[in-house]
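Chain by chain, the residues run as shown.
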Amino acid sequence: MQDPIAITRVNRKTLEKMLDHYSLDELNKVPEGFNNNLIWNIAHVVVTQQLLVYKLSGLPMMIDDEMVNTYKKGTRTEAAVSQSEVDKVRGLLFSTLDQTEKDLDGGVFKEFKEYPTSTGFVLRSTQDAISFNNYHEGLHLGYIMALRKSL
């Protein structure tokens, strides 16, 4: 079976290519008919991974509350982001995964608060959260691919 973090890493490399390919203006543009933009979707997957894997495990997240409040489920693009914010998100795409891998190998994850997702999955462990996160990131990659055609 493929390592679920390796699957996440492949998706994140695709997201990084979006950051490389589109200008700051394009990353910030919310096309007609959409609620969010490319950068919101990319930052949202970083935030969601941290919430699902770390917060539900009762561990500190690698992102701050401001980022969570800006990109968590139920939010929408409120303002354009700066290039420094894009660079921060770019770094977090992989630093969060690297740390998750280290923490998994180090046995850091001991507890987990059961969480029923809005799609009907019930997460009962950190491994469930990591697997579901890949599903979630795949959904947003599809959304990103549709969104970029409208730029």
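Residues numbered from 1 in each chain as written. Predicted model: local features only at pLDDT ≥ 70, side-chain atom pairs only at ≥ 80, totals over all residues. Heavy atoms only, no water.

Caption draft 1: Focus on the packing of aromatic side chains. As enumerated under the stated definition, the model contains five aromatic pairs in all. Ring centres of F121 and F132 lie 5.4 Å apart, and the angle between their planes is 65°; on these two criteria the pair is classed as edge-to-face. With F121 in the loop between β1 (115-116) and β2 (122-123) and F132 in helix α6 (residues 126-148), the pair connects residues that are 11 residues apart, well separated along the chain. Measuring from ring centre to ring centre gives 5.5 Å for F132 and Y135, while their planes differ by 40°; the resulting arrangement is tilted. One end of the pair is F132 and the other is Y135, both in helix α6 and three residues apart, which spans about a single turn. Each member of the aromatic cluster is reached from another via a ring pair, and the members are F121, F132 and Y135. (Phe/Tyr/Trp six-rings, centres within 6.5 Å; stacked < 30°, edge-to-face > 60°. Helix = DSSP H or I, 4+ residues; strand = E, 2+ residues; numbered from the N terminus.)

Caption draft 2: Examining the pattern of salt bridges more closely. Enumeration over the complete set of coordinates arrives at seven salt bridges. Residue R90 pairs with E16 through a salt bridge whose shortest N-O separation is 4.0 Å. With a gap of 74 residues between them, R90 in helix α5 (residues 83-105) and E16 in helix α1 (residues 4-21) connect regions that are remote in the sequence. Among the charged side chains, a network of salt bridges with common partners joins R9, D98 and E101. (Salt bridge = Lys/Arg side-chain N within 4 Å of Asp/Glu carboxyl O.)

Caption draft 3: Local environment of the layout of surface pockets. Roughly 560 Å³ of volume is contained in the largest pocket. Looking at the largest pocket, it is lined by 25 residues, and the ones nearest its centre are H44, T48, K73, Y115 and H136. The set of elements that each furnish at least two residues to the lining of the largest pocket consists of α3 (38-54), α4 (65-71) and α6. A class-by-class count of the residues in the lining of the largest pocket yields 10 nonpolar, 11 polar and four charged. Reported here for the second largest pocket is a volume of approximately 310 Å³. Elements with a minimum of two residues in the lining of the second largest pocket: α3, α4 and α5. (1 Å grid on protein atoms, 1.4 Å probe; cavity = no way out; pocket = protein on both sides within 12 Å on 5 of 7 lines; lining within 4 Å. Points joined across faces, edges and corners; volume = space filled by probe spheres on them. Nonpolar A, V, L, I, M, F, W, Y, C, P; charged D, E, K, R; others polar.)

Caption draft 4: Region of interest: the environment of I144. Mapped onto the elements, I144 comes out in helix α6. Spatially, the C-alpha atoms of I144 and I7 are 18 Å apart, while their sequence positions differ by 137 residues. In this structure, I144 is in contact with L15, M18, L38, N41 and I42, ignoring residues within four places of it in sequence. (Contact = heavy atoms within 4.5 Å.)

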